[in-house]
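As a plain string of letters, each chain reads:
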Amino acid sequence: MSAVGIHMRQPGEYIRPAGRILLNDYGRPAGQYYASGAYYFQESLSRFSVGQSVEAELVPEPSNRWDARAVAFDVGGQRVAYLPATAAKIWQDVIRAWNAADFAVYVAAEVNRWETDDGTQFGLTVPKWDWETLVTLAEAAGLRTAWTRVMEGLTDKQRLLMRQDGGYTPDESVLKVLLRRREQYPMFRWGGSADGGLGERMPFWYGYFVREQMREEHEQLRWARSVKASLRRAFKDEIGRRRKQEREQERLLRLDREEQALRLHGEGVANRDIAARLGLSPQQVEGLLYRVRKAAGITLRRNEDLQKERRLAAAEALRHKRAGLARAEIGRVMGRSLESVKELLQDAVFYEAPEDHPERLALARQCAGLRGTGLTKDEVLQKLGGTRGRALRAFRDANFLDVVVSEPLGRGRDVDV
C-alpha cells in the first residue's frame, strides 16, 4: 500500500469505543492473507515475536487523504498494517457502524517474518472472512436500515435509476444527488476524487443493497408465481372433483329414471305418461328405454317376447271387453290407465285381422320397408309423417308383422274400441 504510512492521525480522529467484539468468536475464517502496508510499520512489528498471536483492531481512517476509505490494523494501540484497498472499500462502513454502536472490532492475527535482499521483513497474517459473515455484520450494525432512509429520500424515478445495471453503475444524475446529500448520511463513506468517477466513489453498500432488494423482489415474484401455480392446480383439482361428483349424480339420476321408466313401461304406462311423470319428453323416454334395452343386451328374441306380451295383453283386454267390462273396469283389473286400455283394444282388433284395417296395415308395411333401408328409427318416424303417436304405432305394427303369430287372437271386429 503506497504512502499510507505517511498519514498522521490527528488527536481525537479515532477514539476507541468502550465495547469490543472479536470476530473470531462469532465464526471461522474462510482463509487468511497478508495485510497490506506492513513495510511502513517495521518498527512497530519488530516488537513482536515471529509466530506470535495478537489481536488486531480494525481502525477506520476516513480522514486519510490518500484513501478516504482506508482501514488500518492496530496492535496494542500502534498501527502495523492496512486492509487492502479493495477490501477497505467494503469494510470501512461496517467498522464505522460498529464503532458508532460503541464497539471496537478486533480479529485474531499473527506476526510473521521473511528474509529479503534488504534484510528481514515483518508482516501480519490476518483472517479472511466469508461474504455471509460480512453481510451479517453490516446488517446487524444497521447499514441496511440506513440505506433504506437514503432511498426514501429519492424520487421514484431516481430509485429506478439506481437500479440500472443492477446497482453497479447507476445513472450519474442520481449519484450527484446522493453525493450532495452525503453529510445527511454519515454512515456511508464516499471515495475521493482520485478513486475515479462517481460510480467508483459511490459507497459500496448503496449498490449492494439495491441488488439485494432486486434479488428479494425476484424471489418474492417467484414465490408468488409458485403460490399462484399451486392455487391454480388446487382449483383445477377442485373443479375436477366437482365435475366428477356431478357426473356421478347425473349417473345416479339416470339410473333412477331408467328404473322408473322400465317399471312404468312394464306396467303398461304409455311413453307420454312416463314422460310426464319423469319430467322428460316422449322422445327422451323412448331413447332412454332403447338405451336400457341395448345396454341389457336385449336381442330380437327379446323383442319378440315383448311383442308377444303386447299381443297377450291386447287379447286379455279384448276378452274383458267382450265380457261386458267398461274400459275403466278393464284398467282396474289389468292395472292399466284408460289410455293404455284404449290402445290395447285398438291393437287387439288389428292383430286379429290386419287386412281389415288397410290404412293401418299399409302404414305398417311402409314402416317395415323404410326400416329395411337402414334408416334410424327417428329417420323412419320422420318419413312416415303424421303425428308421432301414429308413427310410433306404425313402428310397433311393423314389429308385429315381423313376428310369426303362433296363437290366433280370434276375430273381434264387432267390438267398439
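Parameters and conventions
Residues numbered from 1 in each chain as written. Predicted model: local features only at pLDDT ≥ 70, side-chain atom pairs only at ≥ 80, totals over all residues. Heavy atoms only, no water. Helix = DSSP H or I, 4+ residues; strand = E, 2+ residues; numbered from the N terminus. Rg over C-alpha atoms; globule rule 2.2 N^0.38 Å. Buried < 20%, exposed > 50% of the residue type's maximum accessible area, 1.4 Å probe, protein only. Contact = heavy atoms within 4.5 Å. Areas by Shrake-Rupley, 256 points an atom, 1.4 Å probe, with all protein chains shown as cover. Core = buried A, V, L, I, M, F, W, Y, C linked by side-chain atoms within 4.5 Å. Axes fitted to C-alpha atoms, helices over the stretch in contact; angles between N-to-C directions. Parallel < 35°, antiparallel > 145°, perpendicular 65-115°, else oblique. Left-handed = near helix turned anticlockwise from the far one by under 90°. Nonpolar A, V, L, I, M, F, W, Y, C, P; charged D, E, K, R; others polar. Salt bridge = Lys/Arg side-chain N within 4 Å of Asp/Glu carboxyl O. Patch = residues over 30% accessible without salt bridge, like charges linked within 9 Å, V, L, I, M, F, W, Y side chains within 5 Å. Lys, Arg positive; Asp, Glu negative; His and termini not counted. Charge placed at Lys NZ, Arg CZ, Asp CG, Glu CD. Pairing = 2+ DSSP bridges. Arc of directions from axis to C-beta. Phe/Tyr/Trp six-rings, centres within 6.5 Å; stacked < 30°, edge-to-face > 60°.

What about the overall build of the protein?
Scanning the protein from terminus to terminus reveals 16 helices and seven strands. Rg of the C-alpha trace for the protein: 52 Å, well past the compact-globule value of 22 Å for 417 residues, more than 25% over. Scored against the burial criterion, the 417 residues of the protein give a buried share of 40%. Pairs at least 24 apart in sequence give 67% of the contacts found in the protein among residues at least 6 apart. A total accessible area of about 24,100 Å² is found for the protein, and carbon and sulfur atoms account for 50% of it.

Description of the nonpolar core
Counting 60 residues, the largest nonpolar core has Phe-73, Trp-91, Leu-124, Met-162, Phe-188, Trp-205 and Tyr-206 as its most contacted members. Of all hydrophobic cores here, the second largest spans 14 residues; its members include Leu-318, Met-334, Leu-344 and Phe-350.

Thoughts on the packing of helix α2 (residues 85–100) against helix α3 (residues 131–140)
When two helices pack together, their arrangement is captured by the angle between the axes and the distance separating the axes. Closest axis-to-axis distance for the α2/α3 pair is 9 Å, and the angle between their directions is 40°. Classed by the angle they form, the pair α2 and α3 counts as oblique. The handedness of the crossing between α2 and α3 is left-handed. Within the contact between the two elements, α2 uses Ile-90, Trp-91, Val-94 and Trp-98 and α3 uses Trp-131, Leu-134, Leu-137, Ala-138 and Ala-140. When grouped by side-chain class, the residues that make up the contact of α2 with α3 number nine nonpolar, no polar and no charged.

Let's talk about the environment of Phe-48
Note that Phe-48 resides in the loop between α1 (42–45) and β3 (53–61). A relative accessible area of 14% means that Phe-48 is categorised as buried. Separated by 63 residues in sequence, Phe-48 and Val-111 have C-alpha atoms that sit 7.0 Å apart. If sequence neighbours within four positions are ignored, Phe-48 has contacts with Val-54, Val-75, Val-111 and Phe-122.

Details of unusual backbone geometry
Backbone geometry follows two general trends: most residues other than glycine have a negative phi, and most peptide bonds adopt the trans configuration. Even without glycine at this site, Asp-102 takes up a positive phi of about 75°. As for its position among the elements, Asp-102 is in the loop between α2 and β6 (103–116). Here Asp-102 falls in the partly exposed class, since its relative accessible area comes to 40%. A positive phi angle is found at Asp-165, which is not glycine, with a value near 55°. Tracing the backbone through its elements, the reader meets Asp-165 in the loop between α5 (156–162) and α6 (172–180).

A look at the pattern of salt bridges
Enumeration over the complete set of coordinates arrives at 27 salt bridges. Between Glu-248 and Arg-251 there is a salt bridge whose closest N-O contact spans 2.7 Å. In this pair, Glu-248 and Arg-251 are both assigned in helix α8 (residues 204–266), three residues apart and thus about one turn of the helix distant. Assessed through its relative accessible area of 34%, Glu-248 is described here as partly exposed. Between Arg-360 and Asp-397 there is a salt bridge; the shortest N-O distance is 2.6 Å. With Arg-360 in helix α14 (residues 358–371) and Asp-397 in helix α16 (residues 388–402), the pair connects residues that are 37 residues apart, well separated along the chain. Overall, Asp-397 belongs to the buried group, its relative accessible area being 1%. One salt-bridge network, in which partners are shared between bridges, spans Arg-272, Arg-310, Glu-339, Glu-343, Asp-347, Arg-360, Arg-396 and Asp-397.

Considering a positive patch on the surface
A contiguous patch of positive charge on the surface is contributed by Arg-225, Lys-228, Arg-232, Arg-233 and Lys-236. Tracing the sequence through the fold places Arg-232 in helix α8. Under the relative-accessibility criterion, Arg-232 is labelled partly exposed at 44%.

So, the pairing of strand β5 (residues 78–82)
For a regular strand, the rule is simple: side chains alternate between the two faces of the sheet. Most of β5 is tucked away: four of the five residues are buried. Judged from the four bridges that link them, strand β4 (residues 70–75) and β5 form a sheet pairing that is antiparallel. Paired with Phe-73 across the strands is Ala-81, a residue of β5. Taking the residues that link successive antiparallel strands as the turn, the β4-β5 hairpin has two residues, and the phi of Gly-76 there is positive, at about 60°.

A look at helix α12 (residues 327–334)
For α12, the full list of buried residues reads Ile-330, Gly-331 and Met-334. The buried residues of α12 occupy an angular sector of 100° when projected down its axis, which confines them to one face. Exposed positions of α12 whose direction lies more than 90 degrees from the buried face are Arg-332 and Val-333. At the C-terminal side of α12, Gly-335 shows a positive phi close to 70°.

Thoughts on the packing of aromatic side chains
Inspection of every chain in the model, using the stated rule, returns 18 aromatic pairs. Here Tyr-39 and Tyr-40 contribute two aromatic rings whose centre-to-centre distance is 5.4 Å and whose plane-to-plane angle is 85°, an arrangement assigned as edge-to-face. On the accessibility criterion, Tyr-39 (58% relative accessible area) is exposed. Consider the rings of Trp-131 and Trp-205, whose centres lie 6.1 Å apart with planes at 15°: the pair is stacked. With Trp-131 in helix α3 and Trp-205 in helix α8, the pair connects residues that are 74 residues apart, well separated along the chain.

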